[in-house]
Amino acid sequence: LKGFYSLENDLPDWFCGSNFSYFPYAKDQFDERVQDPINFIHNEQYALHVINELLNGVTRQDASNLSALAYISIGTFGLVENIEMQLENIRRNNILLCSQMMKLIEIFKNIAIRCRDDDDDLKSQTTLLFYSSTIIFFIVNVCIEKRNAECEKVSQVIDILDESKFLQFLTRYIEHWRWNSRLSMRIRNIISLLFKVLLLEFGDRAEYQSAKSFLHKFHDIKYSKNTNAKKCTISPLNY
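What counts and how
- Residues numbered from 1 in each chain as written.
- Predicted model: local features only at pLDDT ≥ 70, side-chain atom pairs only at ≥ 80, totals over all residues.
- Heavy atoms only, no water.
- Helix = DSSP H or I, 4+ residues; strand = E, 2+ residues; numbered from the N terminus.
- Buried < 20%, exposed > 50% of the residue type's maximum accessible area, 1.4 Å probe, protein only.
- Contact = heavy atoms within 4.5 Å.
- Areas by Shrake-Rupley, 256 points an atom, 1.4 Å probe, with all protein chains shown as cover.
- Lys, Arg positive; Asp, Glu negative; His and termini not counted.
- Charge placed at Lys NZ, Arg CZ, Asp CG, Glu CD.
- Salt bridge = Lys/Arg side-chain N within 4 Å of Asp/Glu carboxyl O.
- Core = buried A, V, L, I, M, F, W, Y, C linked by side-chain atoms within 4.5 Å.
- Disulfide = S-S within 2.5 Å.
- Expected span 1.5 Å × (residues − 1).
- Arc of directions from axis to C-beta.
- Phe/Tyr/Trp six-rings, centres within 6.5 Å; stacked < 30°, edge-to-face > 60°.
- Patch = residues over 30% accessible without salt bridge, like charges linked within 9 Å, V, L, I, M, F, W, Y side chains within 5 Å.

Draft legend 1. Representation of the overall build of the protein. Regarding its fold elements, the protein presents 12 helices and zero strands. Ordered by position in the sequence, the α and β elements of the protein form the string α-α-α-α-α-α-α-α-α-α-α-α. Each principal axis of the C-alpha atoms in the protein carries an extent, and together these give about 65 × 45 × 30 Å. Classification of the 239 residues of the protein by burial places 44% in the buried group. A separation of at least 24 residues holds for 73% of the contacts in the protein among residues at least 6 apart in sequence. Carbon and sulfur atoms make up 52% of the accessible area of the protein, which totals about 13,800 Å². Here the protein carries 28 positive and 30 negative side-chain charges, and the mean point of each set is 9 Å from the other.

Okay, here's the thing in C-alpha cells:
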C-alpha cells in the first residue's frame, strides 16, 4: 500500500453516496456568483479575484460562498467535458487556493468547533464542515502530487499547516470524538484529512526510505536488507 497513488485514485475516497446531493447546490452558487465562468477557467488573475471575493463573503449563517469555493476546489465539473479536464482544473484551482490557506483553515476550525460543541443548527453547520474540509483535503492532495513541481507554494502551505497547529487541532478533535461522538463532527472525513496532512508534512514512504538511508550513512550503521545484520531498534524509553 502507498500513502498516495494519484488524484484520480485518492480523491474519490473522500466522498460517500450521500455527499453527491451537495454538488448541484455548489454548482448553482458558483454560477450565481461568478459573472464570467469561462474567464475564471482561463484567466488566473480573475480567478484569484473571484476566490478572494467569495472568501470575504463567508459568514456563519451563509453556506453559499463556501459551497461555491468547494465547487472550485473539486474542479468546476460543470465546465469540463471529461475527467482529464476536471483533474487539470483541480490542480490549477487548488494551487490558486493555496494563497488563502490560512483563512481557509481558520474558517474550517470555527465550523468544526461549532459541530463539536454547539447544539443549535447542527444540520447547517455539518454541511459547512463538509464544504470547508473538502476544500482543505483537495488542496492537501494537490500539494502532495505537486510537491516537486510547485515546491515553493507547497512549502508555504506546509509552513501554514505548522504555524496554525493544524495537525494538533485534528488530533485533539478526534480524541474528543472518542469520548463524545457526534454525527455532526464528520469523523470519517476528519480522519482522512489527518492522514493526508501527515503525508504532506512528513513525506511518503519514499521520503522515509531516503531519510533512513541518510541516517545509516551519517551514523556509519552497517545494515543490509540481504543479511541478518542486527536492525536498529528504539524503545518508548528512548523516546
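So that's the structure; there's more coming.
Draft legend 2. Representation of the pattern of salt bridges in the model. Counted according to the given criterion, the structure contains eight salt bridges. Note that Arg33 and Glu32 form a salt bridge whose closest N and O atoms lie 3.5 Å from each other. The exposure class assigned to Arg33 is partly exposed, which follows from its relative accessible area of 31%. One salt bridge connects Arg91 with Glu145, and the closest N-O pair in it is separated by 2.7 Å. Taken as a pair, Arg91 in helix H6 (residues 83-97) and Glu145 in helix H8 (residues 122-145) lie far apart in primary sequence, 54 residues in all.

Draft legend 3. Structural detail: the nonpolar core. Phe40, Leu69 and Phe108 are the most contacted members of the largest nonpolar core, which has 73 residues in total. In terms of residue count, the dominant contributor to this core is H8 (13 residues). Excluding its chain neighbours within four sequence positions, the residues that come into contact with Phe40 are Phe30, Val34, Tyr46, Ala47, Val50, Ile51, Ile72, Thr76, Arg92 and Asn93.

Draft legend 4. Summary view of the state of the cysteines. Scanning the entire structure with this criterion turns up zero disulfides. Free cysteine Cys143: the closest other cysteine sulfur is in Cys98, separated by 3.8 Å. This cysteine, Cys151, is not joined by any disulfide, and Cys143 carries the nearest cysteine sulfur, 11 Å off. Judged by relative accessible area, Cys151 falls into the partly exposed class, the value being 46%.

Draft legend 5. Seen up close, helix H9 (residues 151-163). When the terminal C-alpha atoms of H9 are compared, their 18 Å separation across 13 residues agrees well with the 18 Å that a helix rising 1.5 Å per residue should span. Every buried residue of H9 is listed here: Val154, Val157, Ile158, Ile160 and Leu161. Viewed along the axis of H9, the buried residues span an arc of 160°, placing them on a single side of the element. Turned more than 90 degrees off the buried face of H9, the exposed positions are Glu152, Asp159, Asp162 and Glu163. Looking at the packing, one finds that the buried side of H9 touches helix H7 (101-117), H8, helix H10 (166-179) and helix H11 (187-202).

Draft legend 6. Main features of the packing of aromatic side chains. Within the structure shown, the criterion is met by 18 aromatic pairs. For the ring pair Phe23 and Phe77, a centre distance of 5.9 Å and an interplane angle of 50° mean the geometry is tilted. Placement of the pair is Phe23 in helix H2 (residues 23-33) and Phe77 in the loop between helix H5 (64-73) and H6, with a sequence separation of 54 residues. The exposure class of Phe77 is partly exposed, given its relative accessible area of 26%.

Draft legend 7. Highlighting the environment of Gln209. Here Gln209 lies in helix H12 (residues 205-218). Considered as a pair, Gln209 and Cys143 are 66 residues apart in the sequence and their alpha carbons are 20 Å apart.

Draft legend 8. Here's a closer look at a nonpolar patch on the surface. Together, Phe214, Leu215 and Phe218 line one region of the surface with nonpolar side chains, adding up to about 350 Å² of accessible area. Relative to the helices and strands, Phe214 resides in helix H12.

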